[in-house]
Amino acid sequence: MAVMNATSLGNQPTAFAAREIEAARSAFLFHENNERVRLLSVMPVSEAIAVLNQCPVALVRRLLDDLAETGEVVRVRQIATGLGLISSEAEPDGNYLTNSVLSHVRQRIGWIVGLALLGIVSGLIISHYEDTLSQLVLLAIYMPVIAAAGGNAGSQAATLVVRALAMNEVRPGQWLLVMWKEVRIAAIIAIALATVIMARVMLFSDDSALPAGMTLIDIAIAIGLALSIQVTISTTLGGVLPLVARKLKLDPAVLVSPVLASVVDISGMAIYFVTVNAWLGLT
């Protein structure tokens, strides 16, 4: 069983390139284990990836472990990333259960603390629009809906793209194709979700406390429009962010969810109040 087929290296290789790789693999496997490790330490990383790509998984892992013991940790991580054994050069060695608690904490805590501080921006945006909420209390009821819908839609897209990356179905260079697909998906989801929320506003809201000259239909349209914009942006961002993380050699599994949650919270509040104010003419 091979680690991955040759297509995982990028473009489909020519027949000549495939023969070269096969010849290099045969010559590589002819040597004893110590000599294989030495060769891996001196050959170009791209060549090492191409050769190991055609070797059994168990052999590859053993060779990389032996190479790491010689002090070539950076090279080992570069090769492992190229083979898809780890998702980024920043990912911890081993697997989830064997890695220590502190290794997981070191990997995660920086993003969590930094993004938690960034979340203060959401509170500042809400406080800036206190007058809007005082004029129309009904808007406060649907603030969590905007944030939750954007986060859920973005997380769905991000999860699917992370899985596609892990299975080598997409590459970072295909971000435009991914973005175009997610925009179309987001548009359909946004329309369906906005329709449901608008119906909820009109059917189950009390219009007795509305300002003079304002109707539930006006409010429903404003909320639906804000929701559509938020879901479209969040879904598109969720699809592209894993590709950006992989391109920057960061771990999408660690980076995407907290970054997406923070960005969606901040952008959701800004989009909500700006859209509602503009549509309803509030000051």
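Quantities reported herein were computed from a predicted structural model and do not represent experimental measurements. (Residues numbered from 1 in each chain as written. Predicted model: local features only at pLDDT ≥ 70, side-chain atom pairs only at ≥ 80, totals over all residues. Heavy atoms only, no water.)

Details of the environment of Leu 138
Looking at the secondary structure, you find Leu 138 in helix H9 (residues 138-141). As for Leu 138 and Leu 216, which are separated by 78 residues in sequence, their C-alpha atoms are 9.9 Å apart. Those residues in contact with Leu 138, other than ones at most four positions away along the chain, are Ser 205, Leu 216 and Ile 219. (Helix = DSSP H or I, 4+ residues; strand = E, 2+ residues; numbered from the N terminus. Contact = heavy atoms within 4.5 Å.)

Concerning the environment of Gly 114
Positionally, Gly 114 belongs in helix H6 (residues 101-118). A relative accessible area of 35% means that Gly 114 is categorised as partly exposed. The sequence separation of Gly 114 and Pro 258 amounts to 144 residues, and the corresponding C-alpha distance is 9.9 Å. (Buried < 20%, exposed > 50% of the residue type's maximum accessible area, 1.4 Å probe, protein only.)

Focus: the nonpolar core
Core analysis: the biggest nonpolar cluster contains 31 residues, and Leu 139, Ile 219, Ile 223, Tyr 272, Phe 273 and Leu 280 have the highest contact counts within it. Put simply, the parts of the chain that give this core at least two residues each are H9, helix H10 (143-166), helix H11 (175-204), helix H12 (216-247) and helix H13 (252-280). When near neighbours in sequence (up to four residues on either side) are disregarded, Ile 219 contacts Leu 136, Leu 138, Leu 139, Val 201, Leu 210, Met 214 and Leu 280. In terms of nonpolar packing, the next biggest core, distinct from the first, is built from 19 residues, Leu 39, Ile 49, Cys 55 and Leu 67 among them. (Core = buried A, V, L, I, M, F, W, Y, C linked by side-chain atoms within 4.5 Å.)

Quick word on a nonpolar patch on the surface
A surface patch of nonpolar side chains, about 780 Å² in accessible area, is lined by Val 101, Leu 102, Val 105, Ile 109, Val 113, Leu 117, Ile 120 and Leu 124. Taken together, the elements giving at least two residues each to the nonpolar patch come down to H6 and helix H7 (120-128). In terms of residue count, the dominant contributor to the nonpolar patch is H6 (6 residues). Within the fold, Leu 117 resides in helix H6. Since its relative accessible area comes to 57%, Leu 117 is described here as exposed. (Patch = residues over 30% accessible without salt bridge, like charges linked within 9 Å, V, L, I, M, F, W, Y side chains within 5 Å. Areas by Shrake-Rupley, 256 points an atom, 1.4 Å probe, with all protein chains shown as cover. Salt bridge = Lys/Arg side-chain N within 4 Å of Asp/Glu carboxyl O.)

Quick word on the packing of helix H2 (residues 33-42) against helix H4 (residues 57-69)
Running from N to C, H2 and H4 cross one another at 70°; their axes reach a closest spacing of 10 Å. The angle between the axes of H2 and H4 places the two elements in the roughly perpendicular class. Together, Asn 33, Arg 36, Val 37, Leu 40 and Ser 41 of H2 and Leu 59, Arg 62, Leu 63, Asp 66 and Leu 67 of H4 make up the contact between the two elements. Partitioned by chemical class, the residues of the contact of H2 with H4 number 5 nonpolar, 2 polar and 3 charged. (Axes fitted to C-alpha atoms, helices over the stretch in contact; angles between N-to-C directions. Parallel < 35°, antiparallel > 145°, perpendicular 65-115°, else oblique. Nonpolar A, V, L, I, M, F, W, Y, C, P; charged D, E, K, R; others polar.)

Examining the pattern of salt bridges
If you walk through the whole model with that rule in mind, you get 1 salt bridge. Across the pair Glu 35 and Arg 38 runs a salt bridge, and its minimum N-O distance is 2.7 Å. With Glu 35 and Arg 38 both in helix H2, this residue pair falls 3 residues apart, about one helical turn. Accessibility expressed as a relative area gives 26% for Glu 35, which makes it partly exposed. For Arg 38, a relative accessible area of 42% corresponds to the partly exposed category.

A look at the packing of aromatic side chains
All told, the structure shown has 2 aromatic pairs when counted by the stated rule. Among the aromatic residues, those joined into a ring-pair cluster are Tyr 129, Tyr 272 and Phe 273. (Phe/Tyr/Trp six-rings, centres within 6.5 Å; stacked < 30°, edge-to-face > 60°.)

A closer look at the confidence of the model for the protein chain
Counting all residues, the mean pLDDT for the protein chain is 82, and 89% of those residues have values of 70 or more. Model confidence for the protein chain, summarised as mean pLDDT per element, is weakest for helix H1 (residues 15-30) at 74 and strongest for H11 at 94. Segment residues 1-16 is flagged for pLDDT under 50; beyond a separation of four residues in sequence, or across chains, it makes 32 contacts in the model. (pLDDT = per-residue confidence, 0-100.)

Some details on the packing of H10 against H13
As a packed pair, H10 and H13 sit with axes 9 Å apart at the nearest point and diverge in direction by 150°. When the axes of H10 and H13 are compared, the pair comes out roughly antiparallel. For the element pair H10 and H13, the recorded crossing hand is right-handed. Contacts between H10 and H13 involve Met 143, Ile 146, Ala 147, Gly 150, Gly 151, Gly 154, Ser 155, Ala 158 and Val 162 on the former and, on the latter, Pro 252, Val 256, Leu 260, Val 264, Asp 265, Gly 268, Met 269, Tyr 272 and Phe 273. Of the residues in the contact of H10 with H13, the class split is 12 nonpolar, 5 polar and 1 charged. (Left-handed = near helix turned anticlockwise from the far one by under 90°.)

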